[in-house]
Structure formats: C-alpha cells, structure tokens
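Remarks on the overall topology
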Amino acid sequence: MSIISKSKSLFIYTCLIIMMTGLVPCFGYGPDLMQKTELTVYEQYIKKHIEQIEKVYTPEKYFPQKNMQLELKLRYKILPDGSVSDIQTIWSSEDLDHEDPTWVIRPLYFWKLKRLSRKYEQYVRNMLSSIKSEPLPEGFGDYILVNSLKLKLFNYRFRKLIFKNYIQFNPVFSPDERDNYTFTSVRMYRSNYTSGK
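Residues numbered from 1 in each chain as written. Predicted model: local features only at pLDDT ≥ 70, side-chain atom pairs only at ≥ 80, totals over all residues. Heavy atoms only, no water.

**Topic: the pattern of salt bridges**
Filter applied, for reference: Any Lys or Arg side-chain nitrogen found within 4 Å of a carboxyl oxygen on Asp or Glu counts as a salt bridge. The secondary structure listing takes helices from DSSP runs of H or I that are at least 4 residues long and strands from runs of E that are at least 2 residues long, numbered from the N terminus. Only protein chains enter the area calculation, which uses a 1.4 Å probe; residues under 20% of their type maximum are buried, those over 50% are exposed, and those in between are partly exposed.
Considering all chains together, one arrives at eight salt bridges under this definition. Linking Lys 47 and Glu 51 is a salt bridge whose minimum nitrogen-to-oxygen distance equals 3.6 Å. Pair noted here: Lys 47 and Glu 51 are both in helix H2 (residues 41–56), with a separation of four residues, about one helical turn. For Arg 118, the salt bridge is made with Glu 94, and the minimal N-O distance between the two is 2.9 Å. Here Glu 94 lies in the loop between strand S2 (84–92) and helix H3 (96–99) and Arg 118 lies in helix H4 (residues 107–130), a separation of 24 residues in the sequence. Among the residues examined, Glu 94 registers a relative accessible area of 18% and is labelled buried.

**Quick look at the nonpolar core**
How we decide: Side-chain atoms within 4.5 Å are what join buried Ala, Val, Leu, Ile, Met, Phe, Trp, Tyr and Cys residues into a set we call a nonpolar core. Pairs of residues are marked as contacts when any of their non-hydrogen atoms sit within 4.5 Å.
Judged by nonpolar contacts, the single largest core of 38 residues is most densely connected at Ile 53, Tyr 57, Tyr 76, Tyr 120, Val 124 and Leu 128. Secondary-structure elements contributing two or more residues to this core are H2, strand S1 (70–78), S2, H4, strand S3 (144–154), strand S4 (164–169) and strand S6 (186–191). Top element by residues in this core is H4. It accounts for nine residues. Setting aside residues up to four positions removed in sequence, Tyr 76 forms contacts with His 49, Ile 53, Val 84, Ser 85, Asp 86, Ile 87, Leu 128, Ile 144, Leu 145, Val 146 and Leu 149.

**Here we look at the environment of Val 56**
Assignment of secondary structure puts Val 56 in helix H2. Its relative accessible area of 37% is what places Val 56 among the partly exposed residues. Each residue touching Val 56, except ones within four places of it in the same chain, is listed here: Tyr 123, Met 127 and Ile 131.

**Comments concerning the pairing of S1**
As a reminder, the rule being used: Strand pairing is defined by DSSP finding a minimum of two bridges between the two strands.
Pairing of S1 with S3, which is carried by eight bridges, proceeds in the antiparallel orientation. Bridged to Leu 70 within S3 is Leu 153. The sheet contact formed by S1 and S2 spans six bridges and is antiparallel. Looking at S2, one finds that Leu 74 is bridged to Thr 89. Where S1 folds back on S2, the antiparallel hairpin that results is connected by five residues, among which Gly 82 adopts a positive phi of roughly 95 degrees.

**Details of the pairing of S3**
For S3, the tally of buried residues reaches eight of 11 residues, placing the bulk of the element in the interior. As defined by bridge partners, S3 adjoins S6 across six bridges and the pair is classed as parallel. Note on S6: the bridge partner recorded for Leu 153 is Arg 190.

**Examining a nonpolar patch on the surface**
Heads up, the rule is: A residue counts toward a patch only above 30% relative accessible area and without a salt bridge, and it is joined to like-charged neighbours within 9 Å or, for Val, Leu, Ile, Met, Phe, Trp and Tyr, to nonpolar neighbours within 5 Å. For the accessible areas, the method is Shrake-Rupley and the probe is 1.4 Å, while residue cover comes only from the protein chains on display.
A cluster of nonpolar side chains, Trp 103, Val 104 and Ile 105, forms an exposed patch at the surface whose accessible area comes to about 360 Å². Tracing the sequence through the fold places Trp 103 in the loop between H3 and H4. Relative accessible area serves as the criterion here: at 45%, Trp 103 is assigned to the partly exposed category.

What follows is the structure, given as structure tokens:
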C-alpha cells in the first residue's frame, strides 16, 4: 500500500470520526430541564427538588482535602409527602480501587479515599434525608423514583478554593406499570476547576 493511499484512508477515517462526534448529542439524553422555559407539572416539581439539593449541597465545608475525587451515585424515592426514602448507593468512589489500575502504585491515596468516601456517602444521605420537598401533585402515584443522582467533589491542589456547581439534568422519564414516574441522571459537580467553563 502506497503512502498516498494510506494518507487517503487516514483522511477518510478522520472525517468519519469528526462526523460521528458531531452526532453524539443526538444519541444522548433529552434537553436539560434547567434551561427549558416551559415545563410540565412533573418537570417543575423535579426542577424544584434539584434546586433544593443544590442549596444545601456544600461538601467543600466538610471535605477540604486536595485532589481527592469523591463521587457518589444514588437512587431514591420521593414519597407523596415530599420526603426522601429508600436511598440506595449505586456506585461510590470507594469502588475506584477496583477499577483504577494505578491503585498498585498509589495504595495510600486509595486507602484515604476509601475512608473519605464512606464519610462523604453519610454526608449525602443525611443531606437528602433532611430535604423536604412539597407534597407530590395529584395523580403522581405512590412515589417518584430518582433513578440516578450523581454527586462529585474535586478540589484541585494548586487552585484557589472557589467552588462552582455544574448541574446537568438529563431526564428520561415515563410512567411505569404502577403510574410512578422515573427519571434518570441528575449530575451535580462541585469543583474549584474554573478554567474554560
């Protein structure tokens, strides 16, 4: 194979990759409800609930450690009276040592991360239990299942301690067989990384 035909193939593959990355949003979640102007009753309720979490979610006060990647993904139910119950951990940064191949050369980091992850999980569970949303509107069934709430905290070592919230709210919801609504993927990131944002 000549150099020209190889460069043509490389050019074609590059063009295909660029085109496919441009299509990625088409295969993602629906529009971000935090940006939408007209919301359904259900969407308004969820938006208010997420805004309540945002107000009380201040982990940097309790976890000032540098370069510790604290992450937690939860599933829980919002009951008809607005309280939160059945909080289940789907994934936490405590599991990182099973997934990260560098744990062999960084055992101290992962040992410290594991200890902090448990405290962070307890902090988030207490925070969610303390939140009391408005009662569910009529016809919403027995509960709303929040399918995936992802909370992430990262404090970069050499940056000023200024935290910003980046909330992505990507709903995919539909009534299940008992007329309870579900939605997926609320991501709330707290970080002092501000470059390029």
